[in-house]
Each structure stands twice: as C-alpha cells, then as structure tokens.
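Overview (structure and organization)
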Amino acid sequence: MVEQEKRMLVVMAHPDDETFGMAGTIARYVDEGVKVHLICTTNGDVGAAAPEMMQGYSSVAEMRLAELACAAETLGLAEVYTFGYRDSGMPGMPDNEHPDCLVAADPDVVVGKIVKVIREVHPQVVVTFDPYGGYGHPDHIATHQAAVKAFDAAANPNAYPEQIVAGLRAYRPQKLYFTTFDKTWLRFAVWLFSLMGHDPERMGRNKDINMREITGWETPIHARVKTGPYRQIVQQARECHASQLGGLSPTRLSRMLSHLFSGVQECYMRACPSVNGGGPEHDLFDGVVPGD
Ligand SMILES: [Zn+2]
C-alpha cells in the first residue's frame, strides 16, 4: 500500500449507478490523484435494453457490464469489482424471486465480499446509497445495508477471520458517505407533474416509483461536491451507458433540476463520523489522514 495515497471505495448496485449517481465526484477525485475503486454488486440484468443495443451480446448482463467497463475507463477508475448477483428488479417484479438475485443472497456473504475489498484496498472514504436506495430499489437498499455493515466489520479482526488468516488485516476506513440529492427539486417536480395531470405516486417506466413518498425520506445533505469542470467526462460516461439513457428516475430528475438551478454539484449525507452541526463540507476527504 502506497503511503500518503488517497483511496475511495464506491459501493453501488448496478452498472450505471456510479455514473448517474456520482460520476462528477469520481472524475474530480481521479483528477486530484485519488485511487477510486468501485464495487458493483449486480449485473443489471433487469435494465431495459432496446434490441439494437443487444447486437454482439448474448445477454443484458453482458451488455451492461461492457457499458460499465467503458464508463470505468472514461472515469479513470482504479479497479472495478463485480459480485455477479442477478438484478432483483423493483418490488413486485418476478425477478425478486430469482434464486441468484442480490436480495435472495445471504447478507453475511455479501458483507464479507465488501469487507474483503475494504481490507485489500484500504480506502479512507467509502460511499454507498442512502438507506432508501435513492428511490427504493431493493438492490440499492440491500447494497447500502451490506456496505454499512462492512464498514464496521472490516475493522474487526474477529469478523471474517478467514480473510485475516489468508493475510489481510483488519482496516477501518475514516469516513462513510451516502449519495443523496436535494429533495427541494423533487418536491418541485412532484408539484409540476401533478399540475400536468400525472400521478407523482406512480411514476417510472413500470409506474412503481412513488415520488411523493421519496420527498418524505429524511436524507440531510452534509457535503456538496462541486463537479462543474468535469461536465464533459460525466457526459462521456453517460454515453457509455447508452442502453440506460432513456430512463428518468426521481434521483436523476432531481439532480438535473438541481444542476440547472443551483450549479453542478453532487450531494452526500455523512454517516461516519457523525455530523455535529457546522456547515456543509465541500470535500469528502476533509480531515482525512492519508496513508494506511
Ligand atoms: Zn441502480
């Protein structure tokens, strides 16, 4: 492990969450010399894919992992760890029942996989979804829960002791953040959609996203990271995920409005160390001691 090196681990669920959630942040830190590693827990099998997008691929998973590889190269990720679970789909979909999907996996096994990466990479900063998974996607929620447990377990030598026996050592990252967004803009969108005659409680391709409920989920913003200079890289990473560009989740919509009205920034809730007053941070590495 290189002393003084800054390292970040991003723990997401689908190929594209890293780009539509926090591409600007990743691009900024890579540019600043931070080694940014990504865990993607599922293969995104349930994502939409137009037939023309499938040319040359035998499955949606294969196509989406190729899109992820493109985004990883564009953003300059140091390493991508794919866990290979099947996408669980939104609640109520038959995909929830598939034995290979993430929500059917033993949570302790998923936590152990993340712990192993933390003990290998030694990230000072870990970023994952908020407790509601942004808009309630079960894979986002399962990934959040596993990442939060792994953040603590990685530091405990009695957790997953077989990894210690194999030569890894217990390691405690210094900060844990959840991706979030400014709900003011979502409230504005709910109002606008209602005005236009849409039902904000039944949004999305499958009418399974309740935007009004999402505005009630408490996810305070503790860090605002300016990402304006990286707009072009973000756009290139988005284009890598061409098969998913049509979808407009509430988080994406809210970010778009936020970028439009308050400048290009990405927002985070800080889970560790706990927040005790003070203004928002502008750098996820504030107060971090680099090195091992
Ligand atoms: Zn996702």
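To start, this report covers the structure provided alongside it. What you are looking at is a predicted structure, and each value in this text was computed from that prediction instead of being measured. (Residues numbered from 1 in each chain as written. Predicted model: local features only at pLDDT ≥ 70, side-chain atom pairs only at ≥ 80, totals over all residues. Heavy atoms only, no water.)

A look at the state of the cysteines
Disulfide: a covalent bond connecting the sulfur atoms of a pair of cysteines. Scanning the entire structure with this criterion turns up 1 disulfide. Free cysteine: C40, not disulfide-bonded; nearest cysteine sulfur from C240 at 14 Å. (Disulfide = S-S within 2.5 Å.)

Digging into the nonpolar core
With 30 residues, the main nonpolar core has M8, V36, V125, V127, Y268 and L284 as its most contacted residues. Put simply, the parts of the chain that give this core at least two residues each are β1 (7-12), α1 (17-31), β2 (35-42), α2 (60-75), β4 (125-128), β6 (223-226) and α9 (231-240). Sort the elements by how many residues they give to this core and α1 lands first, with 5 residues. For V127, the contacting residues outside a window of four places in its chain are M8, L9, V10, V11, M12, M22, Y177, T179, Y268 and L284. Grouped together as the second largest cluster of nonpolar side chains are 29 residues, Y81, L102, A150 and A159 included. (Core = buried A, V, L, I, M, F, W, Y, C linked by side-chain atoms within 4.5 Å. Buried < 20%, exposed > 50% of the residue type's maximum accessible area, 1.4 Å probe, protein only. Helix = DSSP H or I, 4+ residues; strand = E, 2+ residues; numbered from the N terminus. Contact = heavy atoms within 4.5 Å.)

Focus on the sheet that holds strand β7 (residues 265-272)
Read across the sheet, 7 strands follow the order β3-β2-β1-β4-β5-β7-β6 without closing on themselves; strand pairing throughout is mixed. Each edge of the open sheet carries a strand with a single partner, namely β3 (79-85) and β6. Across the sheet, the mean angle from the axis of one strand to that of its neighbour is 25 degrees, orientation sign disregarded. With 4 bridges joining them, β6 and β7 adopt antiparallel strand pairing. (Pairing = 2+ DSSP bridges. Axes fitted to C-alpha atoms, helices over the stretch in contact; angles between N-to-C directions.)

Some details on the pattern of salt bridges
For the structure on display, the rule yields 9 salt bridges. When the shortest N-O distance is used, the salt bridge between R64 and D16 registers 3.2 Å. With R64 in helix α2 and D16 in the loop between β1 and α1, this pair connects stretches of sequence that are 48 residues apart. This pair shows no difference in class: R64 is buried, exactly as D16 is. Measuring nitrogen to oxygen at the nearest pair gives 3.0 Å for the salt bridge that ties K116 to E120. Of the two residues, K116 and E120 are both situated in helix α3 (residues 107-121); the distance of 4 residues between them amounts to about one turn of the helix. Residue E120 is classed as partly exposed on the basis of its relative accessible area of 31%. One network of salt bridges, with partners in common, ties together K175, R270 and E281. (Salt bridge = Lys/Arg side-chain N within 4 Å of Asp/Glu carboxyl O.)

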